[in-house]
Amino acid sequence: MHRLLTLMALVAGTLLPAAGAFGIPANAAPNDPSGIGIRLVDAPVELRDNPRALVYVIDHVSPGTTIERRIEVSNNTGAPTDIAVYPGAAVIKDGSFVGLEADTPNELTTWTSVSAPRLTLAEAQKEVVDVTIAVPSDAAPGEQYAVLWAQTAAGEAEGITQVSRVGIRVYLSVGEGGEPAADFDLESLTAQRTDAGLPTVTAVVRNTGGRALDLRGTLTLSDGPGGLSAGPFPVRLGTTLGLGQTAPIAVELDEQLPNGPWAAELSVTSGLLTKTEQASITFPVSGAGETVPLSDDGVPGWWWLGGGLVVLAAFGLGVRFVRTRRLHSHR
Amino acid sequence: MKTLRITGTLAIAGLTLAALPASPAMAEDEGTTAVTFALAGGSLTVDVDPAATLAAPDKEDGEPGTWLSGVGSVSGSLGEVLISDERGATGTWVVTAASSTFDDGNDAEDTNSTNVFYYPEDVKKTGRVDLAPTSVAAPGPSIMTGAPVVTGTNVVGNNTARFTPTLTVELPPHALADTYTGTVTTSVS
């Protein structure tokens, strides 16, 4: 009975509300606690135009190369905090880049070391930590993933202890020669209606290149009934796509949207690479409509054929013109 | 000719400027990567409550104590989670949640939690980001193996996300009346 009472008392105890549970506005004031933070301090000059390289550690190196980066760990929890800094393995799964539990190792994490594995930071203090990735000379080619984590040390608490960690992703490609090209295909487009009757556009994206992709995109509808245009609508898709993986893309639209036909333009971007595909779609009254295949490169085959014929014709005309001029000049 | 010479000088100056890094931070050594430049973006941050306590079902709801005799689950709020992305970029982010086994400290391991489910609720945002919350619910794999719970996609510039997770810990029907403790890790990268 005593144990039961203990349980009742502990488990039915008052919930501890979060610091922000009392109506703190969404736009937090600068002095509000924002927890622990991490940022990448520098990136390679040759990647300065790649937006992904500004927030993640992205590189392609030959075996035997050493990479050096700096990260900055910050404490804005409102109190002095012990922070652990370490690399942990990551995988790309179901369209998400997922850091595995604790310091789960993989090859990449065994090559990675940090200059300060333990930090004690005062409130509002920042500390720069050097990260070294020494790729061994016998490293197998391929792309590997990890996260450089900053983690609050777990305290002792009854009930639930909450640990938070924040990290910088590492996408490291290993291999001789140049960096494998990133590439992807948008394979098909389908207009359909959900069970609730909402018009939806779905598509499939396939990673056909040699690097993982972080995807974002928009869908624009134009040339609709009465010349209507709509969008751009943000595309809902998994955030990260591993090598050879496919992922569904979905865009839910407004119920009031006319059925069409529409000229749909789907634009998807990863880093410096953008693919744009167009197709004519009509939303069905219910269920799935026709699936429209998309060309591999966004330029239909007939365009190349037509363009080639035009070039040949122009060349032929040019040759004939020159011959005619020569004949005239000899006379 | 004068005009040509001036243009040529400007072009060479332009090329030189383009080749210079904004803020060279590291020289190229043999066997290391090339010159780096300093980044001006801010941090990605996470804030959670250090501790939380779950509540038993309300004894007034007609099922007093049923969780002890077979229902076997306890739910409650973990408090608010705040993600601040001040990187000023277009990088996506993913929040994952992972839970240890909830343990009453006894040697009998078969009384430990069987599943821990996670429901991100009351999701709010600021800035240009699309948030996709994912409930990790029965009968799927629980967060005892770790799972994505909120993703931020189509990011443009600084953004924040707040949500309040509800946690449900499932205990076996023969679970002992005791204090159960466990650790929930919230990760964002």
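Small disclaimer: the values here were computed from a predicted structure and weren't measured.

Novice: Any chance you could explain the overall build of chain B here in plain terms?
Specialist: In terms of helices and strands, chain B carries 1 helix and 10 strands. Counting from the amino terminus, helix and strand elements in chain B follow one another as α-β-β-β-β-β-β-β-β-β-β. Across chain B, the fraction of contacts at a sequence separation of at least 24, relative to all contacts at a separation of at least 6, is 75%. With an accessible surface of roughly 8500 Å², chain B has 57% of that area assigned to carbon and sulfur atoms.

Novice: What exactly am I supposed to notice about the sheet that holds strand β15 (residues 216–222) of chain A here?
Specialist: Sheet strands pair via backbone hydrogen bonds, and the direction of the pair is either parallel or antiparallel. All names here are of chain A. Pairing in this open sheet of 4 strands is antiparallel, and the strands run β16-β15-β20-β21 from one edge to the other. What marks the edges here is a single partner per strand, and that holds for β16 (230–234) and β21 (273–281). The average angle at which neighbouring strand axes cross in this sheet is 15°, direction not considered. By the bridge criterion, 9 bridges tie strand β20 (residues 262–270) to β21 in an arrangement that is antiparallel. Directly across from S267, in β21, lies its bridge partner T276.

Novice: Could you clarify how one ought to interpret the sheet that holds strand β12 (residues 184–193) of chain A in this entry?
Specialist: All names here are of chain A. In spatial order, the strands read β17-β19-β13-β12-β22; together these 5 strands make up an open sheet with antiparallel pairing. Both outer strands of the open sheet, β17 (236–237) and β22 (288–293), are each paired with one neighbouring strand and no more. For strand β13 (residues 199–207) and strand β19 (residues 246–252), the ladder comprises 7 bridges, and the chain directions are antiparallel. Bridge pairing in β19 places A203 opposite I249.

Novice: Quick question: what am I supposed to make of unusual backbone geometry here?
Specialist: Leaving glycine aside, a negative phi is the common case for residues, and trans is the common case for peptide bonds. The amide bond that connects G231 of chain A to the next residue, P232 of chain A, takes the cis arrangement and shows omega of 5°. Residues A138 of chain B and P139 of chain B are joined by a peptide bond in cis, for which omega reads 5°. Residue placement: P139 of chain B occurs in the loop between β8 (115–133) and β9 (147–170). Despite not being glycine, D94 of chain A has its phi angle at roughly 50°, a positive value. Along the chain, the position of D94 of chain A falls in the loop between β5 (81–93) and β6 (96–99).

Novice: Which parts of the structure should I look at to understand the packing of aromatic side chains?
Specialist: Residues and elements named next belong to chain A. Inspection of the entire model under this criterion finds 4 aromatic pairs over all chains. Ring geometry for Y145 against Y171: centres 5.9 Å apart, planes inclined by 80°, an arrangement best described as edge-to-face. Taken together, the residues span a long stretch of sequence, with Y145 in strand β10 (residues 142–152) and Y171 in strand β11 (residues 160–174) at a distance of 26 residues. When sorted by exposure, Y145 lands in the same class as Y171, which is buried. Members of the aromatic cluster, each reached through a chain of ring pairs, are Y56, F97, Y145 and Y171. Note that R165 overlies the ring of W149, its terminal NZ or CZ placed 3.9 Å from the centroid.

Novice: Before we go on, may I ask you to explain the environment of S113 of chain A in this structure?
Specialist: Residue and element names in this part refer to chain A. Assignment of secondary structure puts S113 in strand β7 (residues 112–114). The partly exposed category is assigned to S113, whose relative accessible area is 38%. Taking the C-alpha atoms as reference points, S113 and G244, 131 residues apart in sequence, are found 30 Å from one another. Those residues in contact with S113, other than ones at most four positions away along the chain, are D130, V131 and T132.

Novice: In this structure, what is going on with the confidence of the model for chain A? I would like to understand it.
Specialist: For residues with low pLDDT, the predicted coordinates do not support detailed interpretation. Residue and element names in this part refer to chain A. Mean pLDDT over chain A stands at 81; residues scoring 70 or higher make up 78%. The low-confidence segment residues 1–30, where pLDDT is below 50, has 54 contacts with residues more than four positions distant or belonging to other chains. Contacts for the low-pLDDT stretch residues 296–304, under 50 throughout, to residues beyond four places or in other chains number 8 contacts.

Novice: Where do I start with the pattern of salt bridges in this structure?
Specialist: Opposite charge on two side chains allows them to pair when their charged atoms are near. Residue and element names in this part refer to chain A. What the rule picks out here adds up to 13 salt bridges over all chains. A salt bridge links R39 to E72, with the shortest nitrogen-to-oxygen separation between them at 3.1 Å. Remark: E72 occurs in strand β4 (residues 66–76) and R39 occurs in strand β1 (residues 35–40); sequence separation between them is 33 residues. For the pair R39 and E72, a shared accessibility class is recorded, and that class is buried. A salt bridge links E143 to R211, with the nearest nitrogen and oxygen atoms 2.3 Å apart. Linking E143 in strand β10 with R211 in the loop between β13 and β14 (213–214), this pair joins segments that are 68 residues apart in sequence. On the accessibility criterion, R211 (4% relative accessible area) is buried. Residues participating in the shared-partner salt-bridge network are R52, R169 and D214.

The rules behind each value
Residues numbered from 1 in each chain as written. Chains lettered and ligands numbered in written order. Predicted model: local features only at pLDDT ≥ 70, side-chain atom pairs only at ≥ 80, totals over all residues. Heavy atoms only, no water. Helix = DSSP H or I, 4+ residues; strand = E, 2+ residues; numbered from the N terminus. Contact = heavy atoms within 4.5 Å. Areas by Shrake-Rupley, 256 points an atom, 1.4 Å probe, with all protein chains shown as cover. Pairing = 2+ DSSP bridges. Axes fitted to C-alpha atoms, helices over the stretch in contact; angles between N-to-C directions. Phe/Tyr/Trp six-rings, centres within 6.5 Å; stacked < 30°, edge-to-face > 60°. Buried < 20%, exposed > 50% of the residue type's maximum accessible area, 1.4 Å probe, protein only. Lys NZ or Arg CZ within 6 Å of the ring centre and 35° of its normal. pLDDT = per-residue confidence, 0-100. Salt bridge = Lys/Arg side-chain N within 4 Å of Asp/Glu carboxyl O.

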